[in-house]
Amino acid sequence: MADDANFDAGPDVLNSAAQGRLRSIIERVERLEEDKAAVQNDIKEVFAEAKGEGYDVKVLRKVIRIRKQDKAKRQEEESITDLYLSALGEI
């Protein structure tokens, strides 16, 4: 970055087109953050519903995480986990 002593942080550093573009980017990110918060709230409600029906939410989250993984990667991880548990005498 340029020497901080010479850096002018005033609004005239960016031309009006760049300022408009920057404002547009910031506003888009803000809207997406609001959408993300709404989706996270919806997910929370679904987990609360599942818990109310007797499902174990911790296990549901684990199943969702596992389903996101590539099958080969998942199998490799399971093999290594079994190896480590066996070495510790846990299985």
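Conventions we followed
Residues numbered from 1 in each chain as written. Predicted model: local features only at pLDDT ≥ 70, side-chain atom pairs only at ≥ 80, totals over all residues. Heavy atoms only, no water. Helix = DSSP H or I, 4+ residues; strand = E, 2+ residues; numbered from the N terminus. Areas by Shrake-Rupley, 256 points an atom, 1.4 Å probe, with all protein chains shown as cover. pLDDT = per-residue confidence, 0-100. Patch = residues over 30% accessible without salt bridge, like charges linked within 9 Å, V, L, I, M, F, W, Y side chains within 5 Å. Salt bridge = Lys/Arg side-chain N within 4 Å of Asp/Glu carboxyl O. Axes fitted to C-alpha atoms, helices over the stretch in contact; angles between N-to-C directions. Parallel < 35°, antiparallel > 145°, perpendicular 65-115°, else oblique. Contact = heavy atoms within 4.5 Å. Nonpolar A, V, L, I, M, F, W, Y, C, P; charged D, E, K, R; others polar. Polar contact = N/O pair within 3.5 Å; in protein donor to acceptor, adjacent residues only side chain to side chain. Buried < 20%, exposed > 50% of the residue type's maximum accessible area, 1.4 Å probe, protein only. Lys, Arg positive; Asp, Glu negative; His and termini not counted. Charge placed at Lys NZ, Arg CZ, Asp CG, Glu CD.

## Considerations on the overall build of the chain
Phase 1 of the analysis: Scanning the chain from N- to C-terminus turns up 3 helices and 0 strands.
Phase 2 of the analysis: Counting helices and strands in the order they occur from the N terminus, the chain gives α-α-α.
Phase 3 of the analysis: Counting every atom, the chain has about 8400 Å² of accessible surface; 54% of that belongs to carbon and sulfur.

## Comments concerning the confidence of the model for the chain
Phase 1 of the analysis: Per-residue confidence for the chain averages 90 on the pLDDT scale, and 87% of its residues sit at or above 70.
Phase 2 of the analysis: Mean pLDDT across the elements of the chain ranges from a minimum in helix H3 (residues 71-87), with 95, to a maximum in helix H1 (residues 16-52), with 97.

## Comments concerning a nonpolar patch on the surface
Phase 1 of the analysis: Judged by side-chain polarity, Val13, Leu14, Leu22 and Ile26 come together as a nonpolar surface patch covering roughly 320 Å² of accessible area.
Phase 2 of the analysis: With respect to the helices, strands and loops of the structure, leucine 22 is situated in helix H1.

## Describing the packing of H1 against helix H2 (residues 57-68)
Phase 1 of the analysis: The contact between H1 and H2 brings their axes to 9 Å, and the two run at 125°. Classed by the angle they form, the pair H1 and H2 counts as oblique. Across from Phe47, Ala50 and Lys51 in H1, the residues of H2 making contact are Val57, Leu60, Arg61 and Ile64.
Phase 2 of the analysis: Taken together, the residues of the contact of H1 with H2 break down into 5 nonpolar, no polar and 2 charged.

## Quick look at the side chain of glutamine 69
Phase 1 of the analysis: Checked against the element boundaries, glutamine 69 lands in the loop between H2 and H3.
Phase 2 of the analysis: At 3.2 Å, the side chain of glutamine 69 forms a polar contact with the side chain of glutamate 77.
Phase 3 of the analysis: Non-local contacts of glutamine 69, meaning those with residues more than four positions away in its chain, are made with Arg74 and Glu77.

## Re the pattern of salt bridges
Phase 1 of the analysis: Applying the stated criterion across every chain yields a total of 1 salt bridge.
Phase 2 of the analysis: Put simply, glutamate 33 and lysine 36 hold a salt bridge, and the shortest N to O gap is 3.4 Å. On the criterion of helical spacing, the pair formed by glutamate 33 and lysine 36 is a turn pair, its members being 3 residues apart in helix H1.
Phase 3 of the analysis: A residue is classified by how much of its surface remains accessible, and glutamate 33, at 44% relative accessible area, is partly exposed.
Phase 4 of the analysis: Judged by relative accessible area, lysine 36 falls into the partly exposed class, the value being 44%.

## Remarks on a negative patch on the surface
Phase 1 of the analysis: On the surface, a cluster of negative charge is contributed by Glu27, Glu30, Glu34 and Asp35.
Phase 2 of the analysis: Residue placement: glutamate 27 occurs in helix H1.

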